[in-house]
Each structure stands twice: as C-alpha cells, then as structure tokens.
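Chain by chain, the residues:
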Amino acid sequence: MSKVISLTLDSASIDAAIAELKSYNAWVKTKADELARRLADMGAVNVSLGYSRAVYTGLNDISVTVEQRGVNSYAIVANGEAVLFVEFGAGVTYGYGHPEPSVEGVPMGPGTYPNGKGHWDDPRGWWIPGGEHTYGNPPSMTMYLTAKDLRNQLESIAQEVFSS
Amino acid sequence: MIDIENQVFTTVATALRNEYGASNIYVAGEYVSQPPKFPAVLIVEMDNTVHLRGRDSANIENFSNVMYQVDVFSNKNTGKKVQAKAIITLIDDQFAQMGFTRTFLNPVQNMNDATIYRMTARYQAVVGKDQTIYRR
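In this text the structure is predicted, and so the values were computed from the model without any measurement.

A closer look at the overall build of chain B
Scanning chain B from N- to C-terminus turns up 2 helices and 6 strands. Along the chain direction, N to C, the helices and strands of chain B fall in the order α-β-β-β-α-β-β-β. Reported as C-alpha extents along the three principal axes, the dimensions of chain B are approximately 55 × 30 × 20 Å. Within chain B, the proportion of its 136 residues that are buried is 51%. Here the contacts in chain B between residues at least 6 apart in sequence split such that 57% fall between residues at least 24 apart. Within chain B, the 13 negative side-chain charges are centred at a point lying 8 Å from the centre of the 14 positive side-chain charges.

Okay, here's the thing in structure tokens:
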C-alpha cells in the first residue's frame, strides 16, 4: 500500500501537498481505529461463541463486551464468575483426603461426610460448595485461541480495511 | 511435527525434583483430576500449531507455535500461597532460560476443591525444526 503526493517547488503546490498530507494523516488515523475496532468485534463474537459452547457444568454466567481503552485500543472483556474456570479448567480434587484429622482424630476426605460415604471419587461427578454439580472441565482456551486466530488474520483484515 | 514436549517437561520436572525431592512433589505432563500427593504441578502442552509466517514451498512446517499451561496446586494448611509462589518462580526461571515468554500468571481458584491453592501460568514460544526456541 503506497501513497504518492506530487508537488512542484512553488508555494501553492507546497500548500496543496501539506493539505493533502494532513488529509491522508486523518484518513490513516480513522482507518487504524477502524482496524482495531474490527479486530475487537470479530474477537468478541468468537470469544462469546467459544465460551457459550465450552464444557462447563456450573452456571455459565460469562458475558463478553468490547471496551475502548485508549486511542486505537480496544479490549475484549469477559465478565463472570465462571470465566477463569472455563478458560483455564476447573483444577483438581484431593485424591486421598484432608491432611488435618478431625477433632476425633479420624482422617477426613473431601465429600466423605457423613460416615465416609461421599462422592469425591464418583465417576458420576460430585457437588461443589454452592450446590452445583460438576465433573470438572478442561481448559477451553477460548481467549488464547481467539488471539491466535486474530493474529493469523491480521494481514488480510488490515488489507480489507485500508483498501476500502 | 515439531515436538519438544519431552525436553520441556524433563527440564522443568528435573529442576522441581532436584529442589523439593522426587518424593515430595508430584509432577505430571497431563491433566490429573486427583494428584496422589501435593504440592502438585501439571505441565501440559496445550497448543502446537504451524507458524504460518514460517512456511515455505518445500516444507510447510519450519516453525511451530507452542503453548504450555502450568498449574501449581498446594494443599498446605498455612503457607499454601507461599509454597505455590516458590514453585512457580522456579518453573518460571526454567521456562525463561529455555526461551519462553510468560503470557499469563495468576492465582486461579480451584473450582473442584476450594481448599487447594492454585496458580496458573501460560508460556509461549516459537520453535524451529532444529528445536531452537525463539521468544515471541
């Protein structure tokens, strides 16, 4: 992409070139903002779809928005208590019980109440504090994959924006 | 396929086992829902894709984008945060020495058992066919 500004060495031509340059400068600024906004909007759609389709057995309360953070700067923001669990996975459970024995000196396992008949190792899943049932979930990596996807498409999107 | 997972895992796991003793820390290269002991570290290669800008007509895969997710879990009654931070610092040094860039590091709640402290990090790099690691 190139821009040629021709001028001759007289004041009128130089003034015209300066005006043309200012106009080009404004156009580049507008297009740069348009490019950033386009990338953010595309990313937000992708992130929103990815999070809504992610494997997650709790309440999926994720909402995705685009926020302007400065000149030519936009952020894709995911809000909700489930965001980190969906993006990075649910984590682990104890495999053997709590390290501290109970008051009676009996070792406690998570989910072993009452009478040692809990469901912490149940293949059908278990209940977490708050009353939600879960099997755990793998990381969806939606933000990571979206960022990678946008980087790969950056050149073609920029060409599209600056050629229109 | 360019595959450096074994080297990466061995480098980090060896450093952890040397520091803490092999019997005192659990290190795995895949997701484990119930680690047999704590502290537990999971180092998982989550992404390995062709680096598009590195393609040529002779060989599509000259470079590869790799991303590792590291989860550190501590179940100590007191000092679990300190322990997790010490472990992640050691891991971070190893990844930095190999040429990786840390793109994420945060405490992430452990949904499946909130009494376990969890720190999650992600490291990215571009790897060449000769297994040279380039910072992104």
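Here the narrative resumes.
Things to note about the side chain of T142 of chain A
By the element assignment, T142 of chain A lies in helix α3 (residues 142–162). The contact partners of T142 of chain A, leaving out residues within four places of it in the chain, are N46, V47, G50, Y51 and E87 of chain A.

Focus on the nonpolar core
Counting residues in each nonpolar core, the largest one holds 30 residues, and the members touching the most others are L16, V41, I43, V70, I91, F95 and F100 of chain B. Mapped by element, the contributors of at least two residues to this core are α1 (5–20), β2 (40–50), β3 (63–74), α2 (80–98) and β5 (117–128) of chain B. Tallying contributions element by element places α2 of chain B first for this core, with 7 residues. With residues up to four places along the chain from it excluded, the contact list for L16 of chain B reads G21, I25, V27, V41, I87, L90 and I91 of chain B. The next biggest cluster of nonpolar side chains, apart from the first, holds 12 residues, and it includes Y51, A78 and V86 of chain A together with M111 of chain B.

Focus: the packing of helix α1 (residues 11–53) of chain A against α3 of chain A
Residues and elements named next belong to chain A. Interhelical geometry of α1 versus α3 gives an angle of 145 degrees and a closest axis separation of 9 Å. Where α1 crosses over α3, the handedness of that crossing is right-handed. Partitioned by chemical class, the residues of the contact of α1 with α3 number 15 nonpolar, 6 polar and 5 charged.

Quick notes on the confidence of the model for chain A
Residues and elements named next belong to chain A. Summing up the model confidence of chain A, the mean pLDDT is 81 and the portion of residues at 70 or higher is 73%. A low-confidence stretch, residues 96–101 (pLDDT under 50), is modelled with 20 contacts involving residues beyond four sequence positions or located in other chains. Long-range and interchain partners of residues 107–117, a stretch whose pLDDT sits below 50, account for 20 contacts in this model, where long-range means more than four residues apart.

What about α1 of chain A?
All names here are of chain A. The end-to-end C-alpha separation of α1 is 63 Å, in line with the 63 Å expected for 43 residues at 1.5 Å each. All of the buried residues along α1 are S13, A17, K31, L35, A36, L39, A40, G43, A44, V47 and Y51. On its buried side, α1 packs onto β1 (63–70), β2 (73–79), α2 (83–88) and α3.

Considering the side chain of R118 of chain B
Counting through the fold element by element, R118 of chain B comes out in strand β5. Looking at R118 of chain B, the relative accessible area reads 2%, which means it is buried. Within the structure, the side chain of R118 of chain B is placed 3.4 Å from the backbone oxygen of Q109 of chain B, a separation counted as a polar contact. If sequence neighbours within four positions are ignored, R118 of chain B has contacts with F88, G89, A90 and G91 of chain A together with Q69, D71, V72, F73, P107, V108, Q109 and N110 of chain B.

A short note on the packing of α1 of chain B against α2 of chain B
Residues and elements named next belong to chain B. Put simply, α1 and α2 touch, their axes get as near as 10 Å, and they point 140 degrees apart. Taken together, the axis directions place α1 and α2 in an arrangement best described as oblique. When the axes of α1 and α2 are compared, the crossing they make is right-handed. Side by side, α1 and α2 meet where V8, T11, V12, A15, L16, E19 and Y20 of the first sit next to Q83, A86, I87, L90, I91, Q94, F95 and M98 of the second.

Regarding the packing of aromatic side chains
One pair of aromatic rings is described through two measures. These are the centre distance and the angle between the planes. Residue and element names in this part refer to chain A. Applying the stated criterion to the full structure yields 8 aromatic pairs over all chains. On the basis of an interplanar angle of 20 degrees and a centroid distance of 5.8 Å, the ring pair of Y24 and W27 is categorised as stacked. Note that Y24 and W27 are positioned in helix α1 at a spacing of 3 residues, about one turn of the helix. Judged by its relative accessible area of 28%, Y24 is partly exposed.

Let's talk about the pattern of salt bridges
One pass over the structure, following the stated rule, counts 11 salt bridges over all chains. Taking the shortest distance from any N to any O, the salt bridge between E67 of chain A and R69 of chain A comes out at 3.0 Å. Assessed through its relative accessible area of 31%, E67 of chain A is described here as partly exposed. Ionic pairing is found between E87 of chain A and R122 of chain B, a salt bridge with its closest N-O pair at 2.8 Å. With E87 of chain A in helix α2 and R122 of chain B in strand β5, the pair connects residues from two separate chains.

Rules behind the numbers
What you see as residue numbers is a count from 1 along each chain, following the sequence as written. Throughout, the order in which chains and ligands are written sets their labels, letters from A for the former and numbers from 1 for the latter. Whole-chain, interface and lining totals are the exception, using all residues; otherwise, since this is a predicted model, local features are given only for residues with pLDDT of at least 70 and side-chain atom pairs are given and counted only at 80 or more. Working from all heavy atoms in the structure, the side-chain values ignore hydrogens and water. In this text, helices come from DSSP runs of H or I with a minimum length of four residues, and strands from runs of E with a minimum of two, each type numbered from the N-terminal end. Three exposure classes are used, based on accessible area relative to the maximum for each residue type with a 1.4 Å probe and protein chains only: buried under 20%, partly exposed in between, and exposed over 50%. Throughout, a residue-residue contact means that at least one pair of heavy atoms, one from each residue, lies within 4.5 Å. Positive: Lys, Arg. Negative: Asp, Glu. His and the chain ends are not part of the count. Charged side chains are reduced to one point each, which is NZ for Lys, CZ for Arg, CG for Asp and CD for Glu. Residue types Ala, Val, Leu, Ile, Met, Phe, Trp, Tyr and Cys, when buried and joined through side-chain atoms within 4.5 Å, form a set referred to as a nonpolar core. Axes, fitted as lines to C-alpha atoms, cover a helix only where it is in contact. Angles between the N-to-C directions of the axes lie from 0 to 180 degrees. The sense of a crossing depends on the near helix, which, turned anticlockwise from the far helix by less than a right angle, makes the crossing left-handed and, turned clockwise, makes it right-handed. Note that Gly is not counted as nonpolar here; it falls among the polar residues with everything else outside the nonpolar set of Ala, Val, Leu, Ile, Met, Phe, Trp, Tyr, Cys and Pro and the charged set of Asp, Glu, Lys and Arg. pLDDT expresses how confident the predictor is about each individual residue, on a scale running from 0 to 100. Residue count minus one, scaled by 1.5 Å, sets the expected span of a helix. In protein, a polar contact means a hydrogen-donor-capable atom and an acceptor-capable atom, both N or O and within 3.5 Å, with residues adjacent in sequence counting only if both atoms are side-chain atoms; elsewhere, any N or O pair within 3.5 Å suffices. Comment on the angle field: the value is read as roughly parallel under 35 degrees, roughly antiparallel over 145, roughly perpendicular from 65 to 115, and oblique elsewhere. Paired rings are identified among Phe, Tyr and Trp, the last through its six-membered ring, by centres lying within 6.5 Å, and are further divided according to the angle between planes into stacked (under 30 degrees), edge-to-face (over 60) and tilted (the rest). Each reported salt bridge corresponds to a side-chain nitrogen of Lys or Arg within 4 Å of a carboxyl oxygen of Asp or Glu.

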